[in-house]
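# Coordinate inspection notes
Spelled out, the chains give:
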Amino acid sequence: MKNLISILDVSVPSLERLMADAARLKTERAEGCGLPLLAGRCLAMIFEKPSTRTRVSFEVGMFELGGHALFLDQESLQLRRGETIADTARVLSRYVSAVMIRARRHETITEFAAHADMPVINGLSDREHPCQILADIFTIRERFGRTDGLVAAWVGDGNNVCNSLVLSSGLTGMEVRVASPARYAPDPAVLDRARAAGGRVTLAATPEDAVTGADVVFTDAWVSMGDEGEEAERRKAFAGYRLDDPLVDLAKSGAIVMHCLPAHRGDEITDSVLDGSRSAVWDEAENRLHVQKAVLAQLICPYDERSFQQMLLG
Ligand code: CP
Ligand code: NVA
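Presented here is an overview of the structure given in this document. (Residues numbered from 1 in each chain as written. Chains lettered and ligands numbered in written order. Predicted model: local features only at pLDDT ≥ 70, side-chain atom pairs only at ≥ 80, totals over all residues. Heavy atoms only, no water.)

## Things to note about the site of ligand 2
Around ligand 2, a shell composed of Leu124, Asn159, Asn160, Asp220, Ser224, Met225 and Leu261 is seen. At a separation of 3.3 Å, a nitrogen atom of ligand 2 approaches a polar side-chain atom of Asn159. Between a nitrogen atom of ligand 2 and a side-chain N or O atom of Asp220, the distance comes to 2.7 Å. For ligand 2, whose unbound accessible area comes to 270 Å², protein coverage reaches 93%. With respect to the pocket detection grid, ligand 2 is positioned in the largest pocket. Across the shell around ligand 2, the residue classes tally to three nonpolar, three polar and one charged. (Near = heavy atom within 4 Å. Polar contact = N/O pair within 3.5 Å; in protein donor to acceptor, adjacent residues only side chain to side chain. Areas by Shrake-Rupley, 256 points an atom, 1.4 Å probe, with all protein chains shown as cover. 1 Å grid on protein atoms, 1.4 Å probe; cavity = no way out; pocket = protein on both sides within 12 Å on 5 of 7 lines; lining within 4 Å. Sits in = over half its atoms within 2 Å of the grid points. Nonpolar A, V, L, I, M, F, W, Y, C, P; charged D, E, K, R; others polar.)

## Structural notes on the nonpolar core
Soluble globular proteins tend to pack their nonpolar side chains together in the buried interior. Formed by 57 residues in total, the largest nonpolar core has its most connected members in Ile121, Leu134, Val166 and Leu296. What Ile121 contacts, discounting residues up to four positions off in sequence, is Leu4, Phe58, Val99, Met100, Ile101, Cys131, Val295, Leu296 and Leu299. Within the second largest apolar cluster, 25 residues are counted, among which are Ala153, Leu243, Ala255 and Val257. (Core = buried A, V, L, I, M, F, W, Y, C linked by side-chain atoms within 4.5 Å. Buried < 20%, exposed > 50% of the residue type's maximum accessible area, 1.4 Å probe, protein only. Contact = heavy atoms within 4.5 Å.)

## Quick word on the pattern of salt bridges
Taken as a whole, this structure holds 26 salt bridges when the rule is applied. In this structure, the salt-bridge partner of Glu175 is Arg177, at a minimum N-O distance of 3.2 Å. The burial state of Glu175 is the same as that of Arg177; both residues are buried. One salt bridge connects Asp267 with Arg235, and the closest N-O pair in it is separated by 2.8 Å. Taken as a pair, Asp267 in the loop between strand 9 (256-259) and helix 12 (271-274) and Arg235 in helix 10 (residues 231-237) lie far apart in primary sequence, 32 residues in all. (Salt bridge = Lys/Arg side-chain N within 4 Å of Asp/Glu carboxyl O. Helix = DSSP H or I, 4+ residues; strand = E, 2+ residues; numbered from the N terminus.)

## A short note on the site of ligand 1
Ligand 1 sits among Ser51, Thr52, Arg53, Thr54, Arg102, His129, Gln132, Cys260, Leu261 and Arg288. Contact between ligand 1 and His129: an oxygen atom at 2.8 Å from a side-chain N or O atom of the residue. Between ligand 1 and Gln132, the relevant distance is 3.0 Å, taken from a nitrogen atom to a side-chain nitrogen or oxygen of the residue. Under a 2 Å grid-point criterion requiring more than half of the atoms, the pocket assigned to ligand 1 is the largest pocket.

## Examining the layout of surface pockets
Within this model, the largest pocket holds a volume of roughly 340 Å³. Forming the walls of the largest pocket are 22 residues, and the residues nearest its centre are Arg102, Leu124, Met225, Leu261 and Pro262. Mapped onto the lining of the largest pocket, the elements with two or more residues apiece are helix 2 (53-64) and helix 6 (160-167). Along the lines of polarity and charge, the residues of the lining of the largest pocket split into nine nonpolar, eight polar and five charged. Considered as a void within the structure, the second largest pocket measures approximately 290 Å³ in volume. Every residue lining the second largest pocket is counted, 15 residues in all, and those nearest its centre are Asp157, Gly158, Asn159, Asp227 and Arg234. Tallied by class, residues from the lining of the second largest pocket come to three nonpolar, five polar and seven charged. (Points joined across faces, edges and corners; volume = space filled by probe spheres on them.)

In structure tokens, the structure reads:
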């Protein structure tokens, strides 16, 4: 894996390695041990949109791996005054070992990567949120011991997080059913790419159809960052797409509920579901940290270099 821009950048062997590394890092953190695999390395983090989980988990993750993370908001970079993405990528490549970008436009990340001489991580774009879905896959595996053969239902907006879930279907072996109002269904090109990558992905006619018999039930905001101008029409369109107890009761017994957060309590999910026994959202949020540490280690310090470093550390 060279970059993590799309969940499709992750191969089956990379996923297995990431999941194993994340599990080991999680245990080591709980036991208070762990190697400073990224000592002396810096991660630049460029944010064009707000963040709580992504910023904090990457920053803490770099610290715990012995490295350092720089928070660069777009207002304080020369990008704001017209320096090009390409030039910014060239210059940052001379200073840091990797960059994480949360961008309004997905193309900003791909253009940056085309000119960078270091790994580039998508920390959310208008099209995808691969870090989130890797943490979600890890969380599902913690709960069920596998993803293969499970059924995931997505209820709500066919947005960036939904796209990454849909695109991960071939990687995980999980069937993904999406229930969205027609206007907010995932892009057909995304569904085609998911199927071409071996995914089993269907559009359900109603939230009930999607959730019935599901093992994992997902939702996310009706109004994502950048969609605020459409708030009134979106609220109307999504009115029947709320995760409440009667809807989640249609899922399999033992099913879990996931939400990348931030949640809009009472809109896409009720308090009772978010805080209830089926909710996996707090583990899901925590697992961003462990999985991203595994991603950072794999991208910045691959295994061959790692064993050398471990030898040096004694
Ligand atoms: N789930 C997620 O990416 O959260 P933040 O927007 O807080 O980073
Ligand atoms: N779909 C949401 C995810 C936030 C983490 C958004 O893009 O705002």
